[in-house]
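Overview (structure and organization)
So the chains spell out like this:
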Amino acid sequence: MHRQHWRLLSIVGLLLSVGIWMKPVTAATTANSNRLVEPSMGFEFANLDQWVPSIFAENGPQKDAQVVQRSIGFVHHTTPSLLAIVSTFANPKGLNSSDWATRYDYQRTNAEYQIEAIKWQDHDAQLVSEQQLSRQSTGTPSHLRLIVAVDQQIMVFEYIGYSVKRAEFLAWLEDITLIQAQKFQPSPLSNDVKTAFTQANQPLTISVQNCCGISDPEYNPFPCNSSAGNGNCTWWVRYRRTGNNIANLYSCTGNANTWDECAASYYPQLLSNVPSVKSAAVWMGANDNHVAFVEQVNGPVNITMSQMNWGGPCPQSTITQSSLNKKFIRHPDAPQPEPVKRWFLRNDLSTGNSHLAFDYGLKSDKAIVGDWDGDGDDTPGVVRGTKWYLSNSYGEPYTISFEYGSLGDIPVVGDWDGDGDDTPGLFRGTTWYLSNSLNGGWADISLGFGEPGDIPVVGDWDGDGDDTPGVVRGISWYLSKNLNGGWADISFGFGELGDTFIVGDWDGDGDDTPGVVRGNMWYLSNNFNGGWADLSFMYGDPGSFPIVGSWGDGDLNSEIGTIP
């Protein structure tokens, strides 16, 4: 999924193993029929009578008749198991031969290899020797390669055969002369070789197909294919992010497992924990060797991505999964992603640090808390517009989602029927719409209670196991012990104007009582008499949104949390 250099090896291995080569090709040459002049690639090749040009490959993407890679393979006239390949690669980043060998990592897990720096035709070059490159039934070929940077091209000369020697390869290189390249103009060999394939009734499997389509070779020097038409995850993402250097992550051309570090170094302004459309998703953790392109953000932690896997067939596939354990490299043209909500939960009613912190939902979401599955633990939820996303654990993907209510409604949560699990409700004007399920749709109960502008609160005021409504008007609390509407059963004053009003079972006796948060001071009362608080402490930062619930620590009283 992550290899980023082009290979003819699957086809070369096949041809080596069965000994099948093309019919000799009438190559375009100079007046000297023993010499091939290839100005489109920048080299001349002498002793052509010993070699038959038999493979011609161009890697897209193509634009304005340019290609980013061109390769010509030669089969030895008398030793058909011996193959030589000359390739040129676009090199807009100006890499030297050492950079190329390092960045595009020619190592194979089943190969023993070494890289040696040498001087060749007054150029610094890298000589790569590999053994056991691929195993075929007839033996194990050796593979030697010379890499040299010339102007804005990388030239790669390859020599493949059974037990080929370094001296033999260097002697072959003496027949090569570098000339001024004409920047990937049409090759004089291309039509001849392709015609020869047709005449030999051979499929053009070596002439590489580009499964990404058209993109800019200057910014995407590697197309979305290998020589066998296979995909590659990094190529695919760079193709989908077509645009300028930053969009294509120009400096991040290594393996997928380096992309997050590369982005942190070169594009820190684009690195995010939050997915956005057109961003590159980088896998983290144990399976950290993959990247994909984010096509759609479906929910708080759910995304749809397109991808190509190394060794897999073209075209790409689409996957939908969690955004957890991934980092995201935002596209520079995409809007800045909205920050996530960070939840800080504490398991007691005192000053101190949080016991649990996690991300869930987006900053603009309305945070709610409830026991969605009746297990006794309260877990997070958010309301985004009219969509509810509920989770049965902390920081995990949502497990339940549904539509409920209208824009402008105030969401509330309670156990309206006393069955042990919490379900949604809405406060609209003076009307409450309560549901006993997590399916959305119509309300099971509606009632009128309160006045326009009141702040809704919900609690079990009498300890009977079901929740009922209440409102705060100014600093006056009006609580009802039933779902019939009408007049309040309890009223009192508690708090100050500007406080945030909360409800919880602070002493674990089974009924909920009032509390307020002022700045980062919490004032909690164990009765409905108003007056002074029974418990006060500091927690969180001023301006944070307070939340209350039972976080699964086994005690009976409510606990606290904040969302900055």
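Everything below is about the structure printed above this text.
This text gives an overview of the structure that appears in the document. (Residues numbered from 1 in each chain as written. Predicted model: local features only at pLDDT ≥ 70, side-chain atom pairs only at ≥ 80, totals over all residues. Heavy atoms only, no water.)

With respect to the overall build of the protein chain
Within the protein chain, the regular secondary structure consists of 6 helices and 36 strands. The buried share among the 564 residues of the protein chain stands at 52%. For the protein chain, long-range pairs separated by at least 24 residues make up 51% of all intrachain contacts whose partners lie at least 6 apart in sequence. Within the structure as shown, the protein chain displays about 23500 Å² of accessible surface, and the carbon and sulfur contribution to it stands at 48%. (Helix = DSSP H or I, 4+ residues; strand = E, 2+ residues; numbered from the N terminus. Buried < 20%, exposed > 50% of the residue type's maximum accessible area, 1.4 Å probe, protein only. Contact = heavy atoms within 4.5 Å. Areas by Shrake-Rupley, 256 points an atom, 1.4 Å probe, with all protein chains shown as cover.)

Here we look at the packing of aromatic side chains
Aromatic rings in a pair are described by how distant their centres are and how their planes are angled relative to each other. Under the counting rule described, the total for this entry stands at 24 aromatic pairs. Taking 5.3 Å as the distance between ring centres and 55° as the angle between the ring planes, the aromatic pair formed by Trp 120 and Phe 157 counts as tilted. Taken as a pair, Trp 120 in strand E6 (residues 112-120) and Phe 157 in strand E9 (residues 153-161) lie far apart in primary sequence, 37 residues in all. Of the two residues examined, Trp 120 and Phe 157, each falls in the buried class. On the numbers, 5.7 Å between centres and 15° between planes, the contact of Trp 477 with Phe 492 is stacked. Placement of the pair is Trp 477 in strand E29 (residues 476-479) and Phe 492 in strand E30 (residues 490-493), with a sequence separation of 15 residues. (Phe/Tyr/Trp six-rings, centres within 6.5 Å; stacked < 30°, edge-to-face > 60°.)

Remarks on the environment of Tyr 360
If you trace the backbone, Tyr 360 turns up in strand E18 (residues 356-362). C-alpha separation for the pair Tyr 360 and Pro 397, spaced 37 residues apart in sequence, amounts to 8.1 Å. Reaching out from Tyr 360, the side chain makes a polar contact with the backbone oxygen of Tyr 389 at a distance of 3.2 Å. (Polar contact = N/O pair within 3.5 Å; in protein donor to acceptor, adjacent residues only side chain to side chain.)

With respect to the environment of Pro 514
As for its placement among the helices and strands, Pro 514 is situated in strand E32 (residues 513-518). Relative accessible area serves as the criterion here: at 2%, Pro 514 is assigned to the buried category. The spacing of Pro 514 and Phe 528 is 14 residues in sequence and 7.4 Å in space, taken between C-alpha atoms. Sequence-distant contacts of Pro 514, that is, excluding residues within four places in its chain, are made with Trp 477, Phe 492, Phe 494, Ile 502, Trp 506, Leu 524, Ser 525, Asn 527 and Phe 528.

Side note on the sheet that holds strand E2 (residues 43-45)
Pairing in this open sheet of 3 strands is antiparallel, and the strands run E1-E2-E10 from one edge to the other. Among the strands making up the open sheet, the edge pair consists of strand E1 (36-38) and strand E10 (176-178). On average, adjacent strands in this sheet sit at an angle of 15° to one another, irrespective of strand direction. Taken together, the 3 bridges between E1 and E2 define a ladder with antiparallel strand orientation. Within the sheet, the bridge partner assigned to Val 37 lies in E2 and is Glu 44. (Pairing = 2+ DSSP bridges. Axes fitted to C-alpha atoms, helices over the stretch in contact; angles between N-to-C directions.)

What to know about helix H5 (residues 233-240)
Counting buried residues along H5, 7 of its 8 residues qualify, which places the element largely inside the surrounding structure. Among the residues of H5, those classed as buried are Cys 233, Thr 234, Trp 235, Trp 236, Val 237, Arg 238 and Tyr 239. Tucked inside the fold, the buried residues of H5 contact helix H6 (259-266), strand E12 (280-283), strand E13 (291-299) and strand E14 (302-307).

Some remarks on the nonpolar core
If you look at the biggest cluster of nonpolar residues, it comprises 28 residues, and the most contacted ones within it are Phe 43, Phe 45, Phe 74, Trp 120, Phe 157 and Trp 172. Looking at this core element by element, the count peaks at 4 residues for strand E8 (residues 142-150). Here Phe 157 is in contact with Ile 85, Val 86, Trp 120, Leu 144, Arg 145, Leu 146, Val 148, Phe 169, Trp 172, Leu 173, Ile 176 and Leu 178, once residues within four sequence places are set aside. One finds Val 237, Leu 249, Cys 262 and Ile 329 within the second-largest nonpolar core, a separate group that totals 18 residues. (Core = buried A, V, L, I, M, F, W, Y, C linked by side-chain atoms within 4.5 Å.)

Thoughts on the sheet that holds E18
Taken together, the 4 strands give an open sheet; going across it, the order is E18-E17-E36-E35, and neighbouring strands pair in antiparallel fashion. Each end of this open sheet is capped by a strand with a single partner; those strands are E18 and strand E35 (545-549). Sheet twist, expressed as the mean angle between neighbouring strand axes with direction ignored, is 30°.

Quick word on the side chain of Thr 304
Residue placement: Thr 304 occurs in strand E14. A distance of 2.9 Å separates the side chain of Thr 304 from the side chain of Thr 320, its partner in a polar contact. If near-sequence neighbours (up to four positions away) are discounted, Thr 304 is found in contact with Phe 293, Val 294, Glu 295, Gln 296, Asn 298, Thr 318, Ile 319 and Thr 320.

Considerations on unusual backbone geometry
One non-glycine residue, Gln 121, adopts positive backbone phi at about 50°. For Gln 121, the location among the structural elements is in the loop between E6 and strand E7 (123-131).

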